[in-house]
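Architecture and fold: a report
Take a look at the letters that make up each chain.
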Amino acid sequence: MKELKTDLLIIGAGPGGMAAALYAKRSGLDFIIVEKNMAGGQIINTDLIENYPGFLDNPSGFELAQKLSEHCKKFEIDIMEYFSIDKIEEADHKDGGKTYKFKSTGSDSYIYSRALIIATGAKPDRLDVKGEAEFIGKGISFCATCDGALYRGKEVAVVGGGDTAVEEALFLSNLVDKVYLIHRRDELRACDMLQCRARDNGKIEFLWSSVVEEFVGDEKLESIIIKNKNDGSTRKIAVAAAFEYVGWEPNSDMIKHLVDTDQKGFIIADMTMKTSHEAIFAIGDVRNTPFRQVITAVADGAVAAMYVDKYFLEQG
Ligand code: NAP
């Protein structure tokens, strides 16, 4: 196993992690940034980014992620991609007068660091209903950008009523014949602009106050049994695919033993992005933030890097 030493380890190279790296570089910090997949994070799977200020040409998530990586390259930041941190321990490893507090065990290396920025994001929540586990990858998907084209000309369902569900339903409506949008309430959570577009879209049919009771099929998904919450009635709709967008689950398992989290495992951090551990900062979607936007993750990253710098100055 290789042994690496640094002052700051940034785990995750989504928009938040990359912004933290840019700010850390400008502050002259000694740091390493690792990413378990390719740099970019969840936005890679997003069709259009319309609300990132200054980008008037509505880049895809992939294009925006590329721009952020290019910015890192320009700053000579080497993102260690496909490097997964499996375990983090407090180490108290003395070296040349410095105290390395953490030992993060990754692919084939240990990384010792004095501070951590956790930017590991979140993964899609699941509905946990009958048939779901059986049909994931066989009709049930969490990524319309990745899988939507497989269902060209067919009828599909989207579950959820937030920005993601509505945005992805709109995206799918360009490919498929019909999108059922299944939402558990009679009012969407998504922002007004998306709501208006969805309501004006002739291919989207809303199934209000409805929940999925069961995914049904033989080899692959063929239909969904839906229950109306108001009158308890059920109906079966034939669909070739179902896209679930019912919230997120934090990627915080590796760090939960060292910091406070909320009930779902989102890491609790203050306005400086500091967690309950003075040398661990959490940013972006893994934090218990009320807003999970690219711009809020990027802002978190900048704030965390500046406070890490301040923390090191105070530590001497
Ligand atoms: P979200 O806002 O948490 O919405 C999740 C949706 O799933 C809600 O409508 C919720 O219903 C529903 N839901 C949750 N659990 C469910 C269950 N067990 N069964 C059925 N429905 C369930 O998640 P999101 O839409 O992914 O958005 C996450 C964050 O990213 C938000 O801050 C959002 O603004 C942001 N985002 C922004 C953009 C953008 O600005 N362009 C795009 C995508 C996401 P209820 O409404 O009844 O709770």
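Since we're looking at a predicted model, the values are computed, not measured. (Residues numbered from 1 in each chain as written. Predicted model: local features only at pLDDT ≥ 70, side-chain atom pairs only at ≥ 80, totals over all residues. Heavy atoms only, no water.)

Now for the overall build of the protein chain. Per the secondary structure count, the protein chain includes seven helices and 17 strands. Scaling as 2.2 N^0.38, a compact globule of 316 residues should have a C-alpha radius of gyration of about 20 Å, and the protein chain matches this with 22 Å. The principal-axis extent of the C-alpha atoms belonging to the protein chain is close to 70 × 40 × 35 Å. Every one of the 316 residues in the protein chain was classed for burial, and the buried ones make up 50%. Long-range pairs, those at least 24 residues apart, make up 59% of the contacts in the protein chain with a sequence separation of at least 6. Total accessible area computed for the protein chain in this model is approximately 15,500 Å², and 47% of it derives from carbon and sulfur atoms. Considering the protein chain, the positive charge centre built from 38 side chains and the negative charge centre built from 50 side chains are found 1 Å apart. (Helix = DSSP H or I, 4+ residues; strand = E, 2+ residues; numbered from the N terminus. Rg over C-alpha atoms; globule rule 2.2 N^0.38 Å. Buried < 20%, exposed > 50% of the residue type's maximum accessible area, 1.4 Å probe, protein only. Contact = heavy atoms within 4.5 Å. Areas by Shrake-Rupley, 256 points an atom, 1.4 Å probe, with all protein chains shown as cover. Lys, Arg positive; Asp, Glu negative; His and termini not counted. Charge placed at Lys NZ, Arg CZ, Asp CG, Glu CD.)

The parallel open sheet is built from five strands, whose spatial order is S8-S15-S9-S10-S11. With partners counted over all chains shown, the strands left at the sheet margins are strand S8 (140–141) and strand S11 (204–207), one partner each. Contacts between helix H5 (residues 163–173) and the sheet are confined to strand S9 (155–159), strand S10 (178–182), S11 and strand S15 (241–244), with S10 contributing the most and set at about 170° to the helix. (Pairing = 2+ DSSP bridges. Axes fitted to C-alpha atoms, helices over the stretch in contact; angles between N-to-C directions.)

For the rest of this paragraph, the subject is the site of the ligand. As a matter of local geometry, the ligand sits amid 19 residues, with Asn-51, Asp-163, Thr-164, Arg-189 and Trp-248 nearest to it. At a separation of 2.6 Å, an oxygen atom of the ligand approaches a polar side-chain atom of Asn-51. Contact between the ligand and Val-246: a nitrogen atom at 3.4 Å from a main-chain N or O atom of the residue. About the coverage of the ligand: the protein hides 77% of its 910 Å² of free accessible area. A total of three residues in the shell around the ligand trace back to one element, the largest contributor, which is H5. Looking at side-chain class alone, the shell around the ligand contains five nonpolar, eight polar and six charged residues. (Near = heavy atom within 4 Å. Polar contact = N/O pair within 3.5 Å; in protein donor to acceptor, adjacent residues only side chain to side chain. Nonpolar A, V, L, I, M, F, W, Y, C, P; charged D, E, K, R; others polar.)

For the rest of this paragraph, the subject is the state of the cysteines. All chains considered together, the criterion is met by one disulfide. Cys-191 takes part in no disulfide bond, and the closest cysteine sulfur to it belongs to Cys-196, at a distance of 9.0 Å. (Disulfide = S-S within 2.5 Å.)

Residues Leu-8, Ile-88 and Ile-255 are the most contacted members of the largest nonpolar core, which totals 56 residues. Secondary structure elements with two or more residues in this core: strand S1 (2–11), helix H1 (15–26), strand S2 (31–34), helix H2 (61–74), strand S6 (109–118), strand S17 (280–282) and helix H7 (294–315). Top contributing element to this core by residue count: H7, with seven residues. Look past the residues within four positions of Ile-255 in its chain and what remains in contact with it is Ile-88, Leu-116, Ile-118, Ile-267 and Ile-280. Counting 23 residues, the second largest nonpolar core, distinct from the first, contains Ala-165, Leu-175, Val-179 and Tyr-245. (Core = buried A, V, L, I, M, F, W, Y, C linked by side-chain atoms within 4.5 Å.)

With that settled, the discussion passes to the pattern of salt bridges. As enumerated under the stated definition, the model contains 10 salt bridges in all. Between Glu-249 and Lys-123 there is a salt bridge, with the nearest N and O atoms lying 3.9 Å from each other. Here Glu-249, found in strand S16 (residues 248–250), pairs with Lys-123, found in strand S7 (residues 122–124); they are 126 residues apart in sequence, far enough to count as distant. What makes Glu-249 partly exposed here is its relative accessible area of 33%. Note that Lys-256 is salt-bridged to Asp-253, the shortest N-O span being 3.1 Å. (Salt bridge = Lys/Arg side-chain N within 4 Å of Asp/Glu carboxyl O.)

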